[in-house]
Amino acid sequence: MAALRRTPPALVAGKYAAIAAYVAFALFPLYWLLKIALTPDTLIFSDGTALWPSELTLDNFRTVIFQSDFMAYFRNSVTVSLSTAAATTLIAAAAGYAFSRFTFRGKRWVVALMLLTQMFPLLMIIAPIYKLVAAIGLLNSLTSLIVVYTAFNIPFATFLMQSFFDGIPRDLEEAAMIDGCTRLQALRVVILPLTLPGLGATLGFVFTAAWSELLFALMLINSNDAMTFPVGLLTFVSKFSVDWGQMMAAGVLALVPSCLFFLFIQRYLVQGLTSGAVKG
Amino acid sequence: MSATQEERAPGMPRARLARAWLRYAVEPYLYLSPALLLICFVMLIPLAIGISYAFQSINLLRPFDAGFIGLENFEALAGDGRFWTALTNTFWWTFGSVTLQFLLGLGLALLLSTRFHGKRLVQALVFLPWAVPTFLTALTWSWLFNPVIGPLPHWAAAVGLLSEPYNILANPDTALWGPVLANVWYGVPFFAITLLAALQSIPSELYEAAEIDGASPWQCFTKITLPFLGPMIAITVMLRAIWIANFADLIFVMTGGGPANSTQILATYVFTTAFRKLDFGYASAIAVALLGVLMVYAVILLVVREKLVRV
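Treat the numbers as computed from the prediction; the structure is a model and nothing was measured.

In this structure, Leu 123, Ile 126 and Leu 215 of chain A together with Ala 267, Val 270 and Ile 286 of chain B are the most contacted members of the largest nonpolar core, which totals 163 residues. The leading source of residues in this core is helix α8 (residues 142-166) of chain A, at 15 residues. Setting aside anything within four residues of it in sequence, one finds Leu 123 of chain A in contact with Leu 215 of chain A together with Asn 246, Ala 248, Ala 267, Val 270, Phe 271 and Ala 287 of chain B.

Turning our attention to the domain arrangement of chain A. For interface size, the figure often reported is the accessible area lost on association. All names here are of chain A. What the domain assignment reports for chain A is domain 1 (2-57) and domain 2 (68-276). On a C-alpha basis, the centres of domain 1 and domain 2 stand 33 Å from each other. Listed per partner, the contact involves seven residues of domain 1 and six residues of domain 2. The greatest single-element share of the side of domain 1 that touches domain 2, amounting to four residues, is contributed by helix α2 (residues 9-38). Considered class by class, the residues forming the side of domain 1 that touches domain 2 number five nonpolar, one polar and one charged.

For helix α10 (residues 217-245) of chain B, spanning 29 residues, the distance from its first C-alpha to its last is only 36 Å, which falls clearly below the expected 42 Å at 1.5 Å a residue. Where α10 of chain B bends most, the angle comes to about 50°, and this point is Gly 230 of chain B, followed within four residues by the proline Pro 231 of chain B.

Attention now moves to the packing of helix α7 (residues 126-135) of chain A against helix α2 (residues 14-53) of chain B. Running from N to C, α7 of chain A and α2 of chain B point in directions that differ by 110°, and their axes come no closer than 8 Å. Comparing the axis directions of α7 of chain A and α2 of chain B gives the class roughly perpendicular. The segment α7 of chain A lies against α2 of chain B, with Ala 127, Pro 128, Ile 129 and Leu 132 of chain A engaging Pro 46, Ile 49, Gly 50 and Tyr 53 of chain B. Classifying every residue of the contact of α7 of chain A with α2 of chain B by side-chain character gives seven nonpolar, one polar and no charged.

Glancing now at the UniProt feature "transmembrane region" (unreviewed entry) in chain B. All names here are of chain B. Listed under "transmembrane region" (unreviewed entry) in the UniProt record, and renumbered for this structure, are residues 29-55, 91-112, 124-145, 184-203, 224-245 and 280-304. Each end of residues 91-112 is marked by a C-alpha atom, and these two atoms are 31 Å apart; helix forms 100% of the span and strand 0%. Here residues 224-245 runs as 100% helix and 0% strand, with 32 Å between its end C-alpha atoms.

Next up on the list: the interface of chain B and chain A. Of the residues lining the interface, 74 residues belong to chain B; the matching set on chain A comes to 77 residues. Across the side of chain B that touches chain A, the residue classes tally to 59 nonpolar, eleven polar and four charged.

Examined at the domain level, chain B breaks down into domain 1 (2-53) and domain 2 (82-310). When each unit is reduced to the centre of its C-alpha atoms, the spacing between domain 1 of chain B and domain 2 of chain B is 39 Å.

Thresholds, definitions, all that
Residues numbered from 1 in each chain as written. Chains lettered and ligands numbered in written order. Predicted model: local features only at pLDDT ≥ 70, side-chain atom pairs only at ≥ 80, totals over all residues. Core = buried A, V, L, I, M, F, W, Y, C linked by C-beta atoms within 7 Å. Buried ≥ 20, exposed ≤ 12 C-beta atoms within 10 Å, placed from the backbone. Helix = DSSP H or I, 4+ residues; strand = E, 2+ residues; numbered from the N terminus. Contact = placed C-beta atoms within 7 Å. Domains from an automatic or database assignment. Nonpolar A, V, L, I, M, F, W, Y, C, P; charged D, E, K, R; others polar. Expected span 1.5 Å × (residues − 1). Bend = angle between axes of the 7 residues up to and from the residue. Axes fitted to C-alpha atoms, helices over the stretch in contact; angles between N-to-C directions. Parallel < 35°, antiparallel > 145°, perpendicular 65-115°, else oblique. UniProt positions renumbered as here; feature names shortened; annotations may be inferred.

As structure tokens, then:
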């Protein structure tokens, strides 16, 4: 921008200060989480509020990983999140393809229906879901969580996939179909390779959403074996509320998968958040 | 594609035409059916059941009391002081969070739309809070507010905001600020990202022309940027408000609605009633009330939007 060259140095300095402030605001809580996790238990009360710990230790991580149930919770969460992400992406890709490539009777109604599911308070259905899941005997099972999370994420994922399909010119598959491909062949040979980034992004968004879901998991799971990470961590916090180091070490572990996926979907954030419209 | 092909084929035999029509009418539903089935069985049917619960007495702790009781739940609701507190809190929670998230998000979007060194890295770092799981956001912030291990009370006391470094989450007068701050931290990236996308769609010639005409940066902002972003801002803010009004995780984890009900919003009241008291009937009645509030809000939103579009 040409304007930048003529801006007075004070303004430029101000801009960089503002940027630094935003970065500090974004990172500080996470830095603190990591700091307490690395502070030895004996020093918590002397070093607790100091900006930099006088000693570092990995003991908290060691305890959490080897001497607690957190690894089991972690596995449960990975199972739930990955299955949800895979199922949602598959189903949403099919639905998004229908939205993108067909004009059909009732389309407006289907779209309205999907938007409706994004508007009403999800907590409204927590009691009925509990009763339904209890009635079919699936309380305390990861399957029930996977099915519920998949349904919750389908509308948003469908709109996201639709926006990816919309970005691929129709001419490509039409050309393939004129050359004698069936629609499914065209889909596999022409469209699928082009949508791989879109599929990946959807996978990432859904994984992140499923990874952090808490309230339905609290309601549907109460046996220690089937707890997901959020439920396990919250139970731990309410039981051992002064084991600061261990709680925060577990928190850091919870952060790892979401951060990995974040790095991966960062490029698609704009598309994801604007096509979901209401999804945070 | 379907329409044009059908119109272009007058010579086609009737049977083939019918088959083609069937294909085009049915095929999309084939792709949609798994999605629609799941949404119906997991969301829409439970929604209908949930609304019916509001008119029943369903408490898992009192299994023999079940049955339809008409409007009794709502009568109880009208006389429930906690409900009215929760309603007021829902307003302040939503209003405070949305306003702060929006203002900070707009600032960030404006900064990110300029050119500076290390922009890619900065962008990744400031968007990171969005990826932090909400339960962890809540726990981290409640730890930051804890005077034993968190710095915030000490800083606040040092600058005179607090008389002494105590935990603001434990004080009914200040407790709501805790979740609001956590929510702001978590939600700024969302606004920054959507507004950034909108900013990038403003044609740059406008700014160049304004600059040639000698407009100041402030004039550019108020005369070009804001009018262009206006509709987008209005829609994002209004939709986001609905989402935040329904967002119970942060408050539930940080304060559980306490102390003394001072941070209870309708969404957390629904959850604690269902989860702790297992009173599904009453919880559903609160949820229906919340839905009603949101619908009134949505109608206002539509009217305002109509006005905005006309201008």
